[in-house]
Amino acid sequence: MAWQANTDVSPCTDPKAVIEYVVKYATKAEKKSPSYRDLASNIIPFVNENQPAMSLVAKLLNKLIGDRNYSAQEVCHYLLNLPLKHSSRAFITVNLRPEDQHSHLYRVEGEETRRGLSVLEKYKERASADEDVTYIDFLQKYNHNRPYVVRTRAKARVLTYFPRYLPEDTDNFGRAKLLLHHPFCNVQDLLSIPEIHNHPCDTFTNAYAECRALCGDSHKLDGLADPGFDQEEEDIHEATPEALLDNIEADWAELARNLPNQDNNNNPYPCTHPVQRHNMLGLRAMDDVDWNNRVGKYPNLCQDWWKTTKLDFPLPPGLSTTGLVDYNNLERKQQQAYKMFLNHCFDWTEGHSPEPLLVQMEGEGGTGKTTVVRSICAALDRRAAAVGKPSPVLRAAPTGVASHNIGGKTLHSMFRLPVK
């Protein structure tokens, strides 16, 4: 009996390569979402005539999930009220569009509807004592709820920009740069900064050109136009076939039945097994069970059955000789590896101290890597036994299946590495 769990190991050979991979993976953009009008027009022919409104809404949501407009994991986290991320740093998205293109947040309080302020509007309302504070410092360091004061103990926020203008878009890129690094009360004030411009500029391209000539690289690092930043091409995903939407709907309906606080009245998906709050454990109907008739039902069941069974059927101490290939039947390159290890072992058994042998054997599946490793290990064991020494071989592999094939352990088990 052996534990054959899979453990994938990817060695980190270069810190820079790891960072670049993580950044690219985290910032990878999805394809542009189609409009709701286009989505609805494609779905209407498949709407259920008996319940058209409910069918349309359900298919629309399923279409959004199926086409990866919203990932299934994201929707699941929203439905179960789970956090989408956990981070030691706070992130904030900075809208770099022109101010007249910004959207607004409206809040309904009682019978009144009030419009919330964007971060840019809050910056423009900062106190007079903070007139010299730049927008980027306000974004990173200041509290965005009144009063707008510095967060003295918090780490600076990480900024993500949308849209991210490239230097080729000179006017928008220049406006974004001036917006971040020079104090202002109105965005148009950035066309005439007293410390930089002798006269008002007609475009942000000219305004930023003069700023660049005077300020050089003295601006704070903002992440715009970073060297090596490459915009990925849009991912192309095939649309979900209409025939699969019914299955998707059934899956999400099943999830909806298990949501907490589900009222079966007027619910198209009645709750069959509702998730209870943690403080209700022991007070639910299913918890009111008489366990007396189950006590002593299996009197001969030993609590240490698993440990006892492993002791009764131990793994063989050495490598099994079943399936071993004789040296003469190995291929030429396999024989070369075989000889290299055996010669190294002879030096060791004769009392010498040879340099450590570091070898990596590569090959496609089925080319005999495991075969030659098993043959080498068996030969080394025989040589050590012949001179009265213990086996010099430790057999380990990244995965449980691979380690089982060579009669070894996983790397995590041998070196006691934590799984998490």
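Under an unreviewed UniProt entry, the name given to the protein chain is ATP-dependent DNA helicase, and the organism recorded is Clathrospora elynae. Regarding the protein chain, the relevant UniProt record gives this comment under Sequence similarities (unreviewed entry): "Belongs to the helicase family." Looking at the Cofactor (unreviewed entry) heading of the UniProt record, one finds this comment for the protein chain: "Mg(2+)".

With that settled, the discussion passes to the environment of Y338. Assignment of secondary structure puts Y338 in helix α11 (residues 332–349). Looking at Y338, the relative accessible area reads 12%, which means it is buried. Along the sequence, Y338 and V372 sit 34 residues apart, while their C-alpha atoms lie 7.2 Å from each other. In contact with Y338, other than residues within four places in its own chain, are Y327, L330, S375, I376, A379 and R382.

For any two aromatic rings, the description comes down to two numbers: the centre-to-centre distance and the angle of the planes. Scanning the entire structure with this criterion turns up eight aromatic pairs. Measuring from ring centre to ring centre gives 6.0 Å for F173 and Y208, while their planes differ by 85 degrees; the resulting arrangement is edge-to-face. Residue F173 is found in helix α7 (residues 170–181), and its partner Y208 is found in helix α8 (residues 204–215); the two are separated by 35 residues along the sequence. Through a chain of ring-to-ring contacts, the aromatic side chains of Y123, Y135, F138, Y142, Y148 and F184 assemble into a single cluster. The ring of Y123 carries the charged tip of R126 above its face, separated from the ring centre by 3.9 Å.

Moving on, we come to α11. Look at α11: 26 Å from first C-alpha to last across 18 residues, which is about the 26 Å you get at 1.5 Å a residue. Among the residues making up α11, those that are buried are Q334, A337, Y338, L342, C345 and T349. One side of α11 holds all its buried residues, which, seen down the axis, span an arc of 125 degrees. In α11, the exposed positions that point more than 90 degrees away from the buried face belong to R332 and K333. G351, located one to two residues past α11, shows a positive phi value of around 95 degrees.

This part is about a nonpolar patch on the surface. There is a patch of nonpolar side chains on the surface, built from V18, Y21, V22 and Y25 and spanning about 460 Å² of accessible area. Tracing the backbone shows V22 in helix α1 (residues 15–26). We classify V22 as partly exposed; its relative accessible area is 48%.

A few words on the packing of α11 against helix α12 (residues 369–386). It is the contact of α11 with α12, at a shortest axis distance of 10 Å, that shows an interaxial angle of 25 degrees. In terms of orientation, α11 and α12 fall into the roughly parallel class. As α11 packs across α12, the resulting crossing turns out to be right-handed. On α12, the residues that touch Q334, A337, Y338, F341, L342, C345, F346, W348 and T349 of α11 are V372, S375, I376, A379, L380, R382, R383 and A384.

We now examine the confidence of the model for the protein chain. Per-chain confidence: the protein chain averages 77 in pLDDT, with 76% of residues scoring 70 or above. Predicted confidence for residues 1–7 stays below pLDDT 50, and this span has 19 contacts to residues more than four positions away or in other chains. Below pLDDT 50 for its whole length, residues 226–240 participates in 21 contacts with residues either more than four positions away or in separate chains.

The rules behind each value
Residue numbers restart at each chain and count upward from 1, following the sequence in its written direction. Where local features are concerned, this predicted model is filtered to residues with pLDDT of at least 70; where side-chain atom pairs are given and counted, the filter is 80 or more; whole-chain, interface and lining totals use all residues. Calculated side-chain values reflect all of the structure's heavy atoms, with hydrogen atoms and water omitted. UniProt positions are given in the numbering used here, feature names are shortened, and annotations may be inferred rather than shown by experiment. Secondary structure elements are defined from DSSP: runs of H or I of at least 4 residues count as helices, runs of E of at least 2 residues count as strands, and each element is numbered from the N terminus. Burial classes: relative accessible area under 20% of the type maximum marks a residue as buried, over 50% as exposed, and values in between as partly exposed (1.4 Å probe, protein chains only). In what follows, a contact means two residues having at least one pair of non-hydrogen atoms within 4.5 Å. Here a Phe, Tyr or Trp ring, Trp counted by its six-membered ring, pairs with any other such ring whose centre lies within 6.5 Å, and the pair is stacked when the planes are under 30 degrees apart, edge-to-face when over 60, and tilted otherwise. Two limits define a charge over a ring: the Lys NZ or Arg CZ must be within 6 Å of the ring centre, and within 35 degrees of the ring normal. One less than the residue count of a helix, multiplied by 1.5 Å, gives the span that helix is expected to have. Think of it as the arc spanned by the lines of direction from the helix axis to the C-beta atoms. Think of a patch as exposed residues, more than 30% relative accessible area, with no salt bridge, where like charges cluster within 9 Å and nonpolar side chains (Val, Leu, Ile, Met, Phe, Trp, Tyr) cluster within 5 Å. Surface accessibility follows the Shrake-Rupley procedure with a 1.4 Å probe radius. Residue values consider only the protein chains on display as shielding. We define a salt bridge as a side-chain nitrogen of Lys or Arg found within 4 Å of a carboxyl oxygen belonging to Asp or Glu. To obtain an axis, a line is fitted to C-alpha atoms, over the contacting stretch when the element is a helix, and the angle between two such axes runs from 0 to 180 degrees between their N-to-C directions. We call two directions roughly parallel when the angle between them is under 35 degrees, roughly antiparallel when it is over 145, roughly perpendicular when it lies between 65 and 115, and oblique otherwise. Crossing handedness: left-handed means the near helix sits turned counterclockwise from the far one by under a right angle, and right-handed means the same turn made clockwise. A residue's pLDDT is the predictor's confidence in that residue, given on a scale from 0 to 100.

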